[in-house]
Amino acid sequence: MGGVALDVDTGGVKAPDGGWGWAVLFGCFVITGFSYAFPKAVSVFFKELIREFDVGYSDTAWISSILLAMLYGTGPLCSVLVNCFGCRPVMMAGGVFASLGMVLASFSTSIIHIYICTGVITGLGLALNFQPSLIMLNRYFDVKRPLANGLAAAGSPVALCCLSPLGQVLQYHYGWRGGFLILGGILLNCCMCAALMKPLVTPTNLKDKDQGQDNDKEKEEEEPKKQKPKHKLLDFTVFKDCGFVIYTVAASIMVLGLFVPPVFFVTYAKELGNEDTKSALLLTILGFIDIFARPTCGIIAGLKWVRPRCVYLFSFAMLFNGITDLIGSQSKDYSALVVYCIFFGISYGMVGALQFEVLMAIVGTEKFSSAIGLVLLMEAIAVLVGPPGAGRLLDATKNYMFVFLLAGCEVTLSAVVLATCNFLCIKMKPLEPADKLECITVSDNTTAEASSRLAGVEEEKGEREEQEMVTKTEAIIESKEVEVEKVDGEVVRPKSIKVDSQEVEKFLKEPQESIGAAPSPETCL
């Protein structure tokens, strides 16, 4: 983004829920597609890499694992860079790194070179694009955020449907080296997406620019100086939130097995004797189903009744994915694998659409840039263990069934942890009595306006009471017929006026009955 101050703190700018936000959504759509589809699309080249460098399945699985580990593990670094330089410059640099890594990998002479170029450099570039795009999406959408997350997440299956067959064609015509070189050129489109990340500008700043007043400019220069020391590059206070801790633990367990099946679909189909093109079609089927699953799940998550319970919808999606892996592990032919990919695409799409929507709902917009970085860092450890561990299990057993069974058990466990812990630790919290204060969320401006209005109402009621008291006393005195005697033309007033005590009590009670007790701030709210 442009201005660093605006990019770090939007200053209470209301999310437009549209307008230029749709352009930001398109950029996030493309970035998400590259980030998640690339580790799966690269698996198309694994068979050629095994022949070229004489390595095993676990060695080639490290490529996808390192890519995902860089995408997740550099989360805190991305958070710090975004808070320092803004989203747009960080994404521009990320696009260059992503392209450079694939170009350098095309000249590799060992599997270690591919680890460094494709895994580390390209993975870092994708990470520098992925996280800032989600941060911008969260700033531009609020009411329509579940739908926006679902549409942005649909970029992953769309890119997978395109990149997987494209990788197969490139490998057939140009070999894996030429394919890596062309894919590196395609990744330069990340820089185009970075250009779409326009900063949100506060309405006050626009007025000040139009008026051109020197005093306002001086205030604007002083405010950032006061705010900068208070801002944290990485906010660790999110760990005090019980919901965030539960989410992080469950997501880390889920990542152990979530990305394993797509990595081994193609190689398993080839082991069953299917052609390379036919085997790569499995990822296309998975991606096609995923395209419709993600936006549909985003629409469902945005429903009025479902949105407050999106955590449990996310748990159901993970449970669905885990059970699909457990049942799909028994697939023995191509048709069974197709059915497996269809159900896996549905469940995988649901998880992808809800993963970051739930995190946004837990921590809010203010802490999301730090929270997503810390979550991705925790998940990076699981990503480094998941696919390589499954590859070693495959090398030891020579049976894909155990790989899919292990992945299913891990994802199912994460669903149980998330749902159970949220039900016991979050839902069971005591609620505040309804007669005290309503649980509402307001901005600072709204709070100030409400308090000023309340004070004004109380002052008006106080003045009304005083006026009525004065008029009532005058009426009582005038109602009393006091005899005045005149002596020699002079008016002689009586020494005392008798007033009945019952009338005094009645007078004191009348204001309370007519006006009522002045409401306190608590009862007023």
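All values derive from a computational prediction rather than experimental measurement.

Chemist: Residue-level account of the overall build of the protein chain, with values.
Modeler: Along the protein chain, the regular secondary structure elements total 22 helices and 2 strands. Within the protein chain, the fraction of its 525 residues that count as buried is 47%. Within the protein chain, counting contacts between residues at least 6 apart in sequence, those at least 24 apart form 86% of the total. In the structure as shown, the protein chain presents an accessible area of about 26,500 Å², 62% of it carried by carbon and sulfur atoms.

Chemist: Hey, could you go over empty space enclosed by the protein for me, with residue numbers and the actual values?
Modeler: Once rolled over the atoms, a probe with the size of a water molecule shows which space is left empty. Taken as a whole and judged by the stated rule, the model has 3 cavities of 30 Å³ or more. Estimates place the volume of the largest cavity at around 170 Å³. Lining the largest cavity are 16 residues, with Tyr36, Ala153, Arg294, Gly352 and Phe356 positioned closest to its centre. At the level of elements, helix 2 (21–41), helix 7 (111–140), helix 8 (145–153) and helix 17 (334–363) are the ones that each hand at least two residues to the lining of the largest cavity. At 6 residues, the largest contribution of residues to the lining of the largest cavity is made by helix 17. Grouping the constituent residues of the lining of the largest cavity by class yields 11 nonpolar, 4 polar and 1 charged. Here the second largest cavity defines a volume of roughly 40 Å³. In terms of lining, the second largest cavity is formed by Phe46, Tyr57, Thr60, Ala61, Val263, Phe264 and Thr267.

Chemist: Could you give me a rundown of the packing of aromatic side chains, with the residues and numbers involved?
Modeler: Applying the stated criterion across every chain, the model contains 22 aromatic pairs. An angle of 70° between the planes, with centres 6.4 Å apart, marks the rings of Phe264 and Tyr400 as edge-to-face. Placement of the pair is Phe264 in helix 14 (residues 260–271) and Tyr400 in helix 19 (residues 400–426), with a sequence separation of 136 residues. On the basis of relative accessibility, which here comes to 2%, the residue Phe264 falls in the buried class. The residue whose ring lies beneath Lys198 is Trp20, and the NZ or CZ to ring-centre distance is 5.6 Å. The ring of Tyr334 carries the charged tip of Lys278 above its face, separated from the ring centre by 4.6 Å.

Chemist: Give a description of helix 4 (residues 57–73) that names residues and reports values.
Modeler: For an α-helix, the turn length of 3.6 residues means that residues three or four places apart are oriented alike. In this model, helix 4 (17 residues) spans 23 Å end to end at C-alpha, consistent with the 24 Å of a helix rising 1.5 Å per residue. At Ile63, helix 4 shows its strongest bend, of approximately 25°. Taking burial as the measure, the 17 residues of helix 4 include 13 buried ones, the bulk of the element.

Chemist: Let's hear about the nonpolar core: which residues, and what values?
Modeler: Of all hydrophobic cores here, the largest spans 125 residues; its most connected members are Phe38, Tyr72, Phe264, Phe314 and Leu359. When residues of this core are assigned to their parent elements, the largest contribution, 16 residues, is made by helix 17. Excluding its chain neighbours within four sequence positions, the residues that come into contact with Phe264 are Pro387, Ala390, Gly391, Leu394, Tyr400, Val403 and Phe404.

Chemist: Hey, could you go over the side chain of Thr324 for me, with residue numbers and the actual values?
Modeler: Residue position: Thr324 is located in helix 16 (residues 310–328). On the basis of relative accessibility, which here comes to 8%, the residue Thr324 falls in the buried class. Within the local environment of Thr324, its side chain forms a polar contact with the backbone oxygen of Phe320, the two atoms lying 2.7 Å apart. With near-sequence residues (within four places) excluded, Thr324 lies in contact with Tyr340, Phe343, Phe344 and Ser347.

Chemist: Kindly report on unusual backbone geometry, identifying the contributing residues and their values.
Modeler: In the Ramachandran plot, Asp54 falls in the positive-phi region, its phi being about 55° despite a non-glycine side chain. Of note, Asp54 is situated in the loop between helix 3 (46–53) and helix 4. For Lys398, which is not a glycine, the phi torsion comes out positive at approximately 55°. Summarising the element assignment, Lys398 is placed in the loop between helix 18 (368–397) and helix 19.

Chemist: Could you give an account of a nonpolar patch on the surface, naming the residues involved and the relevant values?
Modeler: A cluster of nonpolar side chains, namely Phe236, Phe239, Val245 and Val249, defines an oily patch on the protein surface of about 340 Å² accessible area. Within the fold, Val245 resides in helix 13 (residues 242–258). Residue Val245 is classed as partly exposed on the basis of its relative accessible area, which comes to 32%.

Chemist: Go over the packing of helix 3 against helix 4 with me, naming the residues and quoting the values.
Modeler: Where helix 3 contacts helix 4, the axes come no closer than 10 Å and their chain directions differ by 125°. On the basis of their axis angle, the class for helix 3 and helix 4 is oblique. Note that helix 3 runs across helix 4; the crossing there is right-handed. Of the residues in helix 4, those touching helix 3 at Phe46, Leu49 and Ile50 are Tyr57, Thr60, Ala61, Ile63 and Ser64. Of the residues contributing to the contact of helix 3 with helix 4, the split by class is 6 nonpolar, 2 polar and no charged.

The rules we used
- Residues numbered from 1 in each chain as written.
- Predicted model: local features only at pLDDT ≥ 70, side-chain atom pairs only at ≥ 80, totals over all residues.
- Heavy atoms only, no water.
- Helix = DSSP H or I, 4+ residues; strand = E, 2+ residues; numbered from the N terminus.
- Buried < 20%, exposed > 50% of the residue type's maximum accessible area, 1.4 Å probe, protein only.
- Contact = heavy atoms within 4.5 Å.
- Areas by Shrake-Rupley, 256 points an atom, 1.4 Å probe, with all protein chains shown as cover.
- 1 Å grid on protein atoms, 1.4 Å probe; cavity = no way out; pocket = protein on both sides within 12 Å on 5 of 7 lines; lining within 4 Å.
- Points joined across faces, edges and corners; volume = space filled by probe spheres on them.
- Nonpolar A, V, L, I, M, F, W, Y, C, P; charged D, E, K, R; others polar.
- Phe/Tyr/Trp six-rings, centres within 6.5 Å; stacked < 30°, edge-to-face > 60°.
- Lys NZ or Arg CZ within 6 Å of the ring centre and 35° of its normal.
- Expected span 1.5 Å × (residues − 1).
- Bend = angle between axes of the 7 residues up to and from the residue.
- Core = buried A, V, L, I, M, F, W, Y, C linked by side-chain atoms within 4.5 Å.
- Polar contact = N/O pair within 3.5 Å; in protein donor to acceptor, adjacent residues only side chain to side chain.
- Patch = residues over 30% accessible without salt bridge, like charges linked within 9 Å, V, L, I, M, F, W, Y side chains within 5 Å.
- Salt bridge = Lys/Arg side-chain N within 4 Å of Asp/Glu carboxyl O.
- Axes fitted to C-alpha atoms, helices over the stretch in contact; angles between N-to-C directions.
- Parallel < 35°, antiparallel > 145°, perpendicular 65-115°, else oblique.
- Left-handed = near helix turned anticlockwise from the far one by under 90°.

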